Amino acid sequence: MTHKIDIRVVDFSDDSDMDRYLAMLDAYARDPMGAGRPLPDAVKLRLRANLPTRPGAHALLAERSGTDVGFASCFVGYSTFRARPLLNLHDIAVVPEARGLGIARQLLEAVEALARRLDCCKVTLEVRSDNLRAQRAYESAGFVPADCDRFLEKVLDQA
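Residues numbered from 1 in each chain as written. Predicted model: local features only at pLDDT ≥ 70, side-chain atom pairs only at ≥ 80, totals over all residues. Heavy atoms only, no water.

(A) Representation of the pairing of strand β3 (residues 67-79). Here 8 bridges tie strand β2 (residues 57-64) to β3, and the two strands are oriented antiparallel to one another. Considered in β3, the bridge of E63 is made with D68. If you look at the hairpin formed by β2 and β3, you'll find 2 residues sitting between the two strands, and S65 has a positive phi there, around 55°. As paired elements, β3 and strand β4 (residues 84-94) share 10 bridges and run antiparallel to each other. Residue pairing in the sheet places C74 in a bridge with L89 of β4. (Pairing = 2+ DSSP bridges. Helix = DSSP H or I, 4+ residues; strand = E, 2+ residues; numbered from the N terminus.)

(B) Representation of the state of the cysteines in the model. Counted under the stated rule, the structure contains 0 disulfides. Here C121 is not cross-linked by a disulfide; its sulfur's nearest cysteine counterpart is in C120, at 7.0 Å. (Disulfide = S-S within 2.5 Å.)

(C) How the structure looks around the environment of T53. The residue T53 is located in the loop between α2 (41-50) and β2 in this model. Distance from T53 to R116, taken between C-alpha atoms, is 22 Å for residues 63 residues apart in sequence.

(D) Representation of the environment of N50. Tracing the backbone shows N50 in helix α2. Note on N50: relative accessible area 35%, which makes it partly exposed. (Buried < 20%, exposed > 50% of the residue type's maximum accessible area, 1.4 Å probe, protein only.)

(E) Quick look at the nonpolar core. The biggest cluster of nonpolar side chains holds 40 residues, and the ones touching the most others in it are F12, Y21, L89, I103, L107 and V111. Of all elements in the fold, only α1 (15-30), β2, β3, β4, α3 (103-117) and α4 (132-140) reach the threshold of two or more residues within this core. Ranked by the residues each element gives to this core, the list is headed by α3, at 7 residues. Apart from the residues lying within four places of it in its own chain, the contact partners of I103 are I5, A62, V69, V94 and A98. (Core = buried A, V, L, I, M, F, W, Y, C linked by side-chain atoms within 4.5 Å. Contact = heavy atoms within 4.5 Å.)

(F) Structural view of the packing of aromatic side chains. Inspection of the entire model under this criterion finds 4 aromatic pairs. Both rings, one in F12 and one in Y21, keep their centres 5.7 Å apart while their planes meet at 75°; by these two values the pair is edge-to-face. (Phe/Tyr/Trp six-rings, centres within 6.5 Å; stacked < 30°, edge-to-face > 60°.)

(G) Just the side chain of N88, in detail. On the secondary structure map, N88 appears in strand β4. With near-sequence residues (within four places) excluded, N88 lies in contact with S73, C74, F75, T124 and L125.

(H) Fine view of unusual backbone geometry. Residues other than glycine seldom take positive phi values, yet A83 does so here, at roughly 50°. Of note, A83 is situated in the loop between β3 and β4. The backbone phi angle of D119 is positive, close to 60°, even though this residue is not glycine. Along the chain, the position of D119 falls in the loop between α3 and β5 (123-125).

(I) Structural detail: the sheet that holds β3. Across the sheet, 5 strands lie side by side as β1-β2-β3-β4-β5; this open sheet has mixed pairing. On the outer flanks of this sheet lie β1 (6-9) and β5, each paired with one strand and no other. For this sheet, the mean angle separating the axes of adjacent strands, direction not counted, is 30°. Contacts between α1 and the sheet are confined to β1, β2, β3 and β4, with β3 contributing the most and set at about 90° to the helix. The strands touched by α3 are β1, β2, β3, β4 and β5; relative to β4, the strand with the most contacts, the crossing angle is about 160°. (Axes fitted to C-alpha atoms, helices over the stretch in contact; angles between N-to-C directions.)

Structure below.
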């Protein structure tokens, strides 16, 4: 069953919006499917300073009955093979007490709508191999494995 929620774009230059967004991001960071630990204060300060200056940064907040219940963070990239922008869904989460209500599906639909408004050729994302619930949600929303089946990283610093 899908429950009615309101989804709106985060205004990174608005302190109240940024507080709400950072609270949701911190809740996700604390979740076992996130980092499993709080978002460091130094990271929160950098996000507060940096996100308003990044023209390709976008975030959505999902609200149900006046309470934030989910969010999505997206960043515009560029597909050289298609010579068009793409939207990378970097973070998406729903608070534990609101899971199973169709909120992730509504957030994914809002991300797709945002990508279409930005004339993106696709939406990309990464998902943990042990997050089967998220994998099912993405597949249900039309996501398929990318041609590149390995995602690698090289961490340059720890903070």
